[in-house]
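Listed below are the residues making up each chain.
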Amino acid sequence: MTSAFADMVRHFQLPARDPTQPRPEVAHPPRWRAAADRIRGEARRRRRGRRLAYLDSMFPWERSGFRYHEAEVILQMLPDTLFFSLWELTDPFPAPVHPLAEFLRIAPAAGVTDAPMRCSSSYSKGSAACVPAGGRPPTMEGPNLWGGLRAARIRLHGGIYPGGGFVPSPEELARTGLLASRLHTTFSYVPEVLSEVPGVTPVDQAFTKTHFYVPTSERWERHGPLVCLFAADAPPRKGVDVALAAFRGLDEGRFHLHVVGPHEHRRTSFPPGGRRSAAGSLPPSCATCIAGSTFSSPP
């Protein structure tokens, strides 16, 4: 029987060091060591000021797009930032990435003052802030760091975004409210979160790198069909069913849909005729191989 993490490695082609690695458990330093680490950390704070520790569930993972590039920019702006990941991945990154389970052994002595979380779901943030998920822990839920964070006076920050299983249901919004009460700052661009959860800071929606798309008006002057490119993984929340249903009602001579991703098994549900084509999974370098007038890549 394979673990949930091994299943994710296989499905998302995660660059895992070991697909069978066990769920990480938080490592607590002895009391004398924790006290000494806090003294060292306070001394650094007085000399150097604030310091970030970037927390993620799966990092570094280049395919994750804006999360990876966001971390790159943070490192450029704040070179002394420390990086932590729940699971051990092997994609390259220009700074060491430490196990999240070792956070309480590393961060206090390093003088960390703030810990922004870029995790895949509210479960990872909630576990760090000691907000119970209920039921079996999800694959992306990390160790409970709350007591150590408070003892070391490290402020926890996080964002609530679509994807990673978050849906604005009453239950999830109630959990988000509890989570926001534990975080020093909570960011979001989800309308329901901004309207229902007090104290959330609105931010602009994140976008991934688009340098391989050349801005042009020529494509809108063509007389041929409007070509749309949909690129996403297989989970239903990514919306491939919505895209396929929409194209079934469109004029075949005016619209064409390219589907990129692990959807080959869905060919029988594609619109009939020449309105669609499937390219399977492609690396980012092949994005320009498929001509399209519009592009959709759900988070």
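Structural data are supplied above this passage.
Residues numbered from 1 in each chain as written. Predicted model: local features only at pLDDT ≥ 70, side-chain atom pairs only at ≥ 80, totals over all residues. Heavy atoms only, no water.

> Looking at this structure, I do not really get the overall build of the chain. What am I missing?
When its secondary structure is counted, the chain shows 9 helices and 11 strands. Taking the contacts inside the chain whose residues are at least 6 apart along the sequence as the reference set, 67% of them involve residues at least 24 apart. Within the structure as shown, the chain displays about 15900 Å² of accessible surface, and the carbon and sulfur contribution to it stands at 57%. (Helix = DSSP H or I, 4+ residues; strand = E, 2+ residues; numbered from the N terminus. Contact = heavy atoms within 4.5 Å. Areas by Shrake-Rupley, 256 points an atom, 1.4 Å probe, with all protein chains shown as cover.)

> Help me out: how do you make sense of the pairing of strand β5 (residues 155–160) in this one?
Both faces of the sheet carry side chains from a regular strand, because those side chains alternate between them. The buried count for β5 comes to 5 of 6 residues, which makes it a mostly enclosed element. Summarising the sheet, β5 and strand β6 (residues 185–188) pair through 4 bridges and their orientation is parallel. Across the sheet, Gly-158 pairs through a bridge with Thr-186, a residue of β6. (Buried < 20%, exposed > 50% of the residue type's maximum accessible area, 1.4 Å probe, protein only. Pairing = 2+ DSSP bridges.)

> Can you walk me through the packing of aromatic side chains in this structure?
Centre distance and the angle of the planes are the two values used to describe a pair of aromatic rings. Taken as a whole, this structure holds 9 aromatic pairs when the rule is applied. Relative to Phe-93, the ring of Phe-83 has its centre 4.9 Å away and its plane inclined at 65°; by these criteria the two rings are edge-to-face. Of this pair, Phe-83 sits in strand β2 (residues 82–88) while Phe-93 sits in the loop between β2 and β3 (97–99); the two residues are 10 residues apart in sequence, bridging distant segments of the chain. Summarising the burial analysis for this pair, Phe-83 and Phe-93 share the class buried. Chaining the aromatic ring pairs together yields one cluster made of Tyr-54, Phe-59, Tyr-68, Phe-83 and Phe-93. (Phe/Tyr/Trp six-rings, centres within 6.5 Å; stacked < 30°, edge-to-face > 60°.)

In short, shape yes, function no, at least from these values alone.
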